[in-house]
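Here is how the chains run, residue by residue.
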Amino acid sequence: DSHYIMPVGVEEAGAAEHKTVTERKLLKCPMDLLAGDAPGTDWCGSIPAGDRLPCAPSPISRGDCEKRGCCYSPGEVNSCFYGNTVTLDCTQEGHFSIAVSRKVASPPLLLDSVHLTFRNDSVCKPVMATQAFVLFRFPFTSCGTTKQITGDQAVYENELMATRDVKNGSSGSVTRDSIFRLRVSCSYSVSSNSLPVNVQVFTLPPPFPETQAGPLTLELQIAKDKNYGSYYGVGDYPVVKLLRDPIYVEVSILHRTDPHLELFLHQCWATPSTDPLSQPQWPILVKGCPYTGDNYQTQLIPVQKALELPFPSHHQRFSIFTFSFVDPAAVKQALRGP
């Protein structure tokens, strides 16, 4: 019925190794369900002419171009070009031809980090690279390609991946890049194929606003937009954000009417749990300034004298770009947690 279905069960083993199913659940999702951060379906229309990578020499008919899995724009010099996806061509001469768009994932890939998983020597490096695309072309017999004989079909397989840019701080590591890993295969009797890619990033809820008893009570809130017109409440969490999405934060002094009070934020940091002292940690503000070790630095937002803020000096605002904690000791895998 156009769905993926997976039954999942939990078994309890008794003393005599007699297993009893204690719980069973049926997981079901549509086959055409795209990830929340998957690129759009407009593979061709959003590519500027200067960024296009030719898929076949002109002249070529629309039918022959689209049969290769490519985009067609009549009347142009390069009328047949690669789309914003991964395009695989298995040539009759026994070669892989793989074109990867930087927009195949969201956030876009770091193209200079895309490589073949098993071999990365000179023969296996891209044969062409632009700002928007990278093209690999290599024989079935090289670059770590595996071969499997199934009946009268010879299936050749290889794998592409992209390295994520991980920023390391004194107490933590983060990344804002997509995970990209793609296996491609060619059957000897098949001349062409096209593989679309879906990428999914699982985001977890942020910690609740932190309050401390004492002479001053502070509140941290996340605004729904850059205008700070409304804020997320407890019932809105978890708030789903894609990597590099801006998060608009406000810290305020509560229950005070002294206009001479002014709030300064000295140290602000993020942790993968609601415990502010847990490790790892990633600095947001250091001595009141954006952390310079981050390539997507915190943006300080001036608090204007607006009608909705009778005491603007009681508030501080800044924005950060969404990131994912990673564990550098475990092959830079993403950590679980808020």
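Residues numbered from 1 in each chain as written. Predicted model: local features only at pLDDT ≥ 70, side-chain atom pairs only at ≥ 80, totals over all residues. Heavy atoms only, no water.

As annotated in an unreviewed UniProt entry, the chain is Zona pellucida sperm-binding protein 4 from Saguinus oedipus. The Sequence similarities (unreviewed entry) comment attached to the chain in UniProt states, word for word, "Belongs to the ZP domain family. ZPB subfamily." In the Function (unreviewed entry) part of its UniProt record, the chain is described as follows: "Component of the zona pellucida, an extracellular matrix surrounding oocytes which mediates sperm binding, induction of the acrosome reaction and prevents post-fertilization polyspermy. The zona pellucida is composed of 3 to 4 glycoproteins, ZP1, ZP2, ZP3, and ZP4. ZP4 may act as a sperm receptor." (UniProt positions renumbered as here; feature names shortened; annotations may be inferred.)

J.: What is the right way to read the packing of aromatic side chains from this model?
T.: One pair of aromatic rings is described through two measures. These are the centre distance and the angle between the planes. As enumerated under the stated definition, the model contains nine aromatic pairs in all. When the ring of Phe140 is compared with that of Tyr156, the centres are 4.5 Å apart and the planes differ by 20 degrees; the resulting orientation is stacked. Taken as a pair, Phe140 in the loop between strand S9 (133–139) and strand S10 (146–150) and Tyr156 in strand S11 (residues 153–162) lie far apart in primary sequence, 16 residues in all. Taken individually, Phe140 and Tyr156 each receive the classification buried, so the pair is uniform in this respect. Both rings, one in Tyr296 and one in Phe321, keep their centres 5.6 Å apart while their planes meet at 65 degrees; by these two values the pair is edge-to-face. Of this pair, Tyr296 sits in the loop between strand S19 (289–290) and strand S20 (299–301) while Phe321 is found in strand S21 (residues 315–321), placing the two residues 25 residues apart along the sequence. Among the aromatic residues, those joined into a cluster by ring pairs are Phe96, Phe138, Phe140 and Tyr156. Its guanidinium or amino end placed over the ring of Phe81, Arg52 lies 4.2 Å from that ring's centre, counting from NZ or CZ. (Phe/Tyr/Trp six-rings, centres within 6.5 Å; stacked < 30°, edge-to-face > 60°. Helix = DSSP H or I, 4+ residues; strand = E, 2+ residues; numbered from the N terminus. Buried < 20%, exposed > 50% of the residue type's maximum accessible area, 1.4 Å probe, protein only. Lys NZ or Arg CZ within 6 Å of the ring centre and 35° of its normal.)

J.: Would you take a moment to explain the nonpolar core for this structure?
T.: As a rule of thumb, nonpolar side chains are buried together in soluble globular proteins. Core analysis: the biggest nonpolar cluster contains 26 residues, and Phe96, Ile98, Val100 and Phe180 have the highest contact counts within it. The set of elements that each furnish at least two residues to this core consists of strand S5 (86–90), strand S6 (95–101), strand S7 (114–116), S9, S11 and strand S14 (181–187). No other element matches the four residues that S11 contributes to this core. Setting aside chain neighbours within four positions, we find Ile98 in contact with Val86, Thr87, Leu88, Val134, Leu135, Phe136, Phe138, Leu160 and Val184. Grouped together as the second largest cluster of nonpolar side chains are 21 residues, Leu265, Ala270, Leu285 and Tyr291 included. (Core = buried A, V, L, I, M, F, W, Y, C linked by side-chain atoms within 4.5 Å. Contact = heavy atoms within 4.5 Å.)

J.: I tried to follow a nonpolar patch on the surface on my own but got confused; where do I start?
T.: Where nonpolar side chains cluster on the molecular surface, the patch consists of Met6, Val8 and Leu27 and spans about 250 Å² of accessible area. Within the element layout of this structure, Met6 appears in strand S1 (residues 3–13). (Patch = residues over 30% accessible without salt bridge, like charges linked within 9 Å, V, L, I, M, F, W, Y side chains within 5 Å. Areas by Shrake-Rupley, 256 points an atom, 1.4 Å probe, with all protein chains shown as cover. Salt bridge = Lys/Arg side-chain N within 4 Å of Asp/Glu carboxyl O.)

J.: Hey, could you run me through the environment of Ser319 in this one?
T.: Structurally, the position occupied by Ser319 is in strand S21. Between the C-alpha atom of Ser319 and that of Ile284, which follows or precedes it by 35 residues, the distance is 9.4 Å.

J.: Mind showing me how you'd approach the pattern of salt bridges here?
T.: Side-chain pairs of opposite charge can arise whenever the charged atoms involved come near each other. Tallied over the entire structure, the rule returns eight salt bridges. Of the charged contacts, one joins Arg62 and Glu66 as a salt bridge, the two residues approaching to 3.4 Å between their closest N and O atoms. Remark: Glu66 and Arg62 occur in helix H1 (residues 62–67); sequence separation between them is four residues, near one turn of the helix. The partner of Arg183 in a salt bridge is Glu157, and the shortest N-O contact between them spans 3.2 Å. On the criterion of sequence distance, the pair formed by Arg183 in strand S14 and Glu157 in strand S11 is long-range, its members being 26 residues apart.

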